[in-house]
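One letter stands for each residue in the lines below.
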Amino acid sequence: MIPGKDATVEKNDSQKEKHGSFSLFDIEHFLRKILKNWYWFVFMLLIGYVISWVYSKYYAQNVYASNLSLSISNNTSSYFTPNQSINFIYGQGGNQDGIYLKKMLLSRSHNEFLVKGLDLFVDYSTKGSIKSTYLDKDDSPVFLQIDKKHAQQINYPITLMPKSNDTYEVVLPEEGQSTNLYSYEIEGFQSINAYERPANKVIKVGEWYTSPNLRFRLIQNPIKSKIVLDKIIVNLNSVNQSVNDIVSTIGVEFDKEINSIMIITKTGYNLNSTVSFLNKSVAELQKKRFADKNTVDKNTESYLQENLDGIRKKLDSSAAVLNYLKTTEKLYDIKDRDEKSLGKIKDLEAKKADLESKLSSLNTIKRTMETQNFDKMISTNAAGFEDGLFTASISELKSLYLKRREMASIYKPNSEPMLEINRLINDAKLSSTNSLRNYYTGYYDQINKINEQVSSANSDLLTYPEKQRRYLDAERGYNMIEATYNSLLARQNETQMRMATNQSDITVIDPAKNLGQGPIGPNVKGTKAAILGGLLVLPLLFILIGTVLDNRIRNIKELLNATRIPLLGVIGNNSNENMLTVLEQPKSSVSESFRGIRANMRFLSGENGKSKTILITSSIGGEGKTYVSINLASVLGLSDKKTILLGMDLRKPKIFGDFKIDNKYGISNYLTGEVSIDQIINKTNIPNLDVATSGPIPPNPSELLMSDKNIKFIEELKDIYDYIIIDSPPVGLVADSYELMKYSDANIYVVRHEYTEKYMLKMITEKYHNNEIEHLGLVYNDYDAKQGYGYGYGYGYGYGYGYFDEDKNYKEPLLIRIRNKARTIFNKK
């Protein structure tokens, strides 16, 4: 049954609002459009494959990684190897020395030392027709040694072309020479006068090459390179750039089971370079830490020995006074001595002597820090503590002072870099001073408590005679000096023991090696997938945008669900050159569609079930309104129904051309009174079909169509003809058709596939559901059955079954053929 309005249900406002409202996105159309444009996806896939192949072959730079594992012992005493309290800095416990060592490996000072010492600011590479390959320094047959007193142009490729007899041609770029050169002495830039491009020059190994922007010589590599190179490209970098590049490629992790084992990773474009750097970096760190430990221990041993010499003199003097009292005053045998009180006082004063000795060492450390004489710094063990916070701040302070001395020769005192490093120095000084203040406070608090306890114990000795008390005081003084001497001697023995057994606290477990490791990056597969995916997304994105922006009617189901207007029929694509399809192709599917529309018109109410006056309109021109009018009139005429076709689209006459009728006189002439009705009615090849053309375009078409004469004209024709077909103006452009609908028995609204805009149906739908228009039906025109938009009402039969003329040239779509083949296979018994 043809869908229509449900007269028994009263619709509320929300239901009415849905009429004429289409979905924003047609997923079915989107998917079919993707299938229709499959060749774009294949094309993009091929393009993506070519691009990814070229990328991986000629442009992708492989990234390699090498590892080194080492073990860290915890018997350090250097300011550069903090032990117990480093967790105060980093908020971590456990392997504090390992964490500090990690900071050292990633520090600027350590890597800057390596860059300067190993000339790591010189990069070596070679290049084929497209791709550059980075070389390890040892892969080059010669090394480039710069003159650091001469300003050099950095980031400026120097090409060395091997010649005979250890000679090389120096080839510089055709352009790009700069007057802003880098000085490796001051690590800053200098400007020079403009100059011409240096000419290419052949030099021998060991010979200096000099130009305004470069000065270097080539040194023979003692290790014979296994690679034969057609060219060597050398590039100079600034120290700062080289350090930053190196630090960014180093990773340090700790073993999950044994946290004193570190795994250091270095990434780079050349595997041998990463291996060489890791081994050299750890070797230099071992040397530095060993030297630092020995320096501090030697300073501590000398400091303790100096103090022991001074204490020994005091001890000898105190012993002489005690012996004098024993022999002269005969006080060595004091009766009724309170040994318990005396023993307590002796222990307390021994502790006090030890604390005072530590305070003396603490004062020495403080003075050394304030005078910046770090080479004379003693171990914090001499002051009785090990504090990672303090040792780390001293290490940082030493590096900052050295850096400030270097910067002072480059920058002015009030320049921004100098102000910044002064700020860093003040922060480090504040950190170290706060650490010392805590120990000062702790030691003084302990001494005050000891003094109180000694004072309490002294009250028990007030009963002794004066001479005996004098002897006891001398004995106590001797004991304090002896306790101080023993404390210093014990710390000296510890220091000497460390010096005798000193060795590097870093033990390499597995050095870095070239084991033929494959590259870790780039992710070529991921990049290929991204390239292919990105190119495949492009047509998908274009189709998606086109689908979202395309507001044309493409889906019959959606049309009926949105409008709820009865569908009279679907007209296929007209392959004929003119509009007389029913007359010239009577056995075509299109002709049969018009016969179906003729049959379905009985569902539109009319007098005694008959539709006498049928008005045909559409939204705009080009939707096939006139085409439907001509062929529907032809079908009715061929069915022995006396029919007349009226061309009432006075603004755009069309009908006369297809019927080969002279349009000199037409409806416009009749309505203006120029001619009679007989003069505008024309006979056609169909005996029962007459045509009244629109005639010349009048200046007032709306007034003519709405005139009483036009209404009477239609009424007169009803007495003569069984059917009156009115080809009216489009309702989306003018309102004439709405007025004519008041006098028609049935109204047909033509919607063209992939042409009519969705919003154009809003007005006609609202008028229909508001009962302003009655007896309305839709005709879906220019539908392409091959696209497969089914709607469930029987249209589309016959293709491929020999039923219509088109079947002889019909070829099933690929997907249909695949489906039918699959059905045949699976239905076999």
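Heads up: these notes are all about the structure in this document.

Cut-offs used in this document
- Residues numbered from 1 in each chain as written.
- Predicted model: local features only at pLDDT ≥ 70, side-chain atom pairs only at ≥ 80, totals over all residues.
- Heavy atoms only, no water.
- Helix = DSSP H or I, 4+ residues; strand = E, 2+ residues; numbered from the N terminus.
- Buried < 20%, exposed > 50% of the residue type's maximum accessible area, 1.4 Å probe, protein only.
- Contact = heavy atoms within 4.5 Å.
- Areas by Shrake-Rupley, 256 points an atom, 1.4 Å probe, with all protein chains shown as cover.
- Polar contact = N/O pair within 3.5 Å; in protein donor to acceptor, adjacent residues only side chain to side chain.
- Pairing = 2+ DSSP bridges.
- Axes fitted to C-alpha atoms, helices over the stretch in contact; angles between N-to-C directions.
- Salt bridge = Lys/Arg side-chain N within 4 Å of Asp/Glu carboxyl O.
- Arc of directions from axis to C-beta.
- Parallel < 35°, antiparallel > 145°, perpendicular 65-115°, else oblique.
- Nonpolar A, V, L, I, M, F, W, Y, C, P; charged D, E, K, R; others polar.
- Phe/Tyr/Trp six-rings, centres within 6.5 Å; stacked < 30°, edge-to-face > 60°.
- Lys NZ or Arg CZ within 6 Å of the ring centre and 35° of its normal.
- Core = buried A, V, L, I, M, F, W, Y, C linked by side-chain atoms within 4.5 Å.
- Patch = residues over 30% accessible without salt bridge, like charges linked within 9 Å, V, L, I, M, F, W, Y side chains within 5 Å.

This next bit is on the overall build of the protein chain. Looking only at helices and strands, the protein chain has 25 helices and 23 strands in total. With 829 residues in all, the protein chain has 44% of them scored as buried. Across the protein chain, contacts joining residues at least 24 apart in sequence account for 78% of those joining residues at least 6 apart. Counting every atom, the protein chain has about 43300 Å² of accessible surface; 52% of that belongs to carbon and sulfur.

A separate point is the environment of N307. Structurally, N307 can be placed in helix α8 (residues 271-328). The spacing of N307 and Y485 is 178 residues in sequence and 8.6 Å in space, taken between C-alpha atoms. Once residues within four sequence positions are removed from consideration, N307 is found in contact with S360 and L488.

A word on the side chain of T693. Relative to the assigned elements, T693 resides in the loop between β20 (689-692) and α21 (701-705). Side chain to side chain, T693 and N663 meet in a polar contact 2.9 Å long.

Across the sheet, which stays open at both edges, the six strands sit in the order β3-β2-β12-β5-β6-β9 with antiparallel pairing between neighbours. Single-partner strands in this sheet number two, and they are β3 (132-135) and β9 (201-204). Ignoring strand direction, the axes of neighbouring strands in this sheet form an average angle of 35°. In the sheet, strand β2 (residues 122-127) pairs with β3 via four bridges, with the strands oriented antiparallel. Residue S125 lies in a different strand from β3, and its bridge partner there is Y134.

All right, on to the sheet that holds strand β10 (residues 208-211) then. Taken in spatial order, the three strands make up an open sheet running β4-β11-β10, and their pairing is antiparallel. Since the sheet does not close on itself, it has two edges, and those belong to β4 (142-146) and β10, each with one partner. Strand-to-strand twist of the sheet, defined as the mean angle between neighbouring strand axes without regard to direction, takes the value 25°. By the bridge criterion, four bridges tie β10 to strand β11 (residues 214-220) in an arrangement that is antiparallel.

Our next topic: the pattern of salt bridges. If you walk through the whole model with that rule in mind, you get 24 salt bridges. D649 is the partner of K625 in a salt bridge, and the nearest nitrogen-oxygen pair spans 3.4 Å. Taken together, the residues span a long stretch of sequence, with K625 in helix α17 (residues 625-638) and D649 in the loop between β18 (643-647) and α18 (655-659) at a distance of 24 residues. Side by side, K625 and D649 carry an identical accessibility label, which is buried.

Turning to helix α2 (residues 27-36), its buried residues number three or more, namely H29, F30 and I34. Buried residues of α2, seen end-on, are gathered within an arc of 140° and therefore sit on one face of the element. The outward face of α2, more than 90 degrees from its buried face, is lined by the exposed residues L35 and K36. Summarising the contacts, the buried residues of α2 are in contact with α3 (38-59) and α13 (524-549).

Bringing the packing of α2 against α3 into the picture now. When two helices pack together, their arrangement is given by the angle between the helix axes and by the axis-to-axis distance. One can describe the packing of α2 onto α3 by two numbers: an axis separation of 4 Å at closest approach and a directional angle of 60°. With respect to each other, α2 and α3 are oriented oblique. In this structure, α2 contributes I34, L35 and K36 to the contact, and α3 contributes W38, Y39 and F41. Among the residues forming the contact of α2 with α3, the class breakdown is five nonpolar, no polar and one charged.

On to the pairing of strand β5 (residues 158-162), then. In this sheet, strand β12 (residues 232-236) lies alongside β5 in antiparallel orientation, the contact comprising three bridges. Residue L160 lies in a different strand from β12, and its bridge partner there is I232. Pairing analysis gives four bridges linking β5 to strand β6 (residues 167-171), with the strands arranged antiparallel. Residue pairing in the sheet places P162 in a bridge with Y168 of β6. The turn linking β5 back onto β6 is made up of four residues, and N165 within it adopts a positive phi angle of 55°.

Below, the discussion takes up the packing of aromatic side chains. For any pair of aromatic rings, the description consists of the separation of the ring centres together with the inter-plane angle of the planes. Summed over all chains, the structure comprises twelve aromatic pairs. One aromatic cluster is present, built from ring pairs that chain together W38, Y39, W40 and F43. Directly above the ring of W208 sits R215, whose terminal nitrogen or CZ lies 4.5 Å from the centroid. The ring of Y670 has K709 lying over it, and the distance from NZ or CZ to the ring centre is 4.8 Å.

Along a regular strand, successive side chains alternate from one face of the sheet to the other. For β4, a buried count of four out of five residues is recorded, marking the element as mostly surrounded by other parts of the structure. Here five bridges tie β4 to β11, and the two strands are oriented antiparallel to one another. Of the residues in β11, the one forming a bridge with F143 is I219.

Counting 52 residues, the largest nonpolar core has L70, L144, I158, L160, F216 and I264 as the members making the most contacts within it. Broken down by element, this core gets its largest block of residues, six residues, from α8. Not counting residues up to four positions away in its chain, the partners in contact with L70 are L101, S260, I261, M262, I264, V282, I506, T507, V508 and I509. Listed in part, the 43 residues of the second largest apolar core include V570, L671, L717 and L740.

Looking at where N299 falls in the secondary structure, it is placed in helix α8. At a separation of 3.0 Å, a polar atom in the side chain of N299 contacts the main-chain carbonyl oxygen of M377. Contact partners of N299, with chain neighbours within four places excluded, come to D375, K376, M377 and I378.

On the surface, L24, F25, I27, L31, V537, L541, L544, I545, V548 and L549 cluster together into a nonpolar patch covering about 940 Å² of accessible area. For the nonpolar patch, the elements supplying multiple residues, two or more each, are α2 and α13. Of the residues forming the nonpolar patch, the biggest block, six residues, is contributed by α13. Tracing the chain through its elements places L24 in the loop between α1 (13-18) and α2. Take L24: its relative accessible area is 80%, and that puts it in the exposed class.

It is worth spelling out the packing of helix α14 (residues 556-563) against helix α24 (residues 761-769) at this point. The contact between α14 and α24 brings their axes to 10 Å, and the two run at 45°. Between α14 and α24, the crossing angle belongs to the class labelled oblique. Counting all contacts with α14, which are made through L559, A562 and T563, the residues of α24 involved are L761, T765 and H769.

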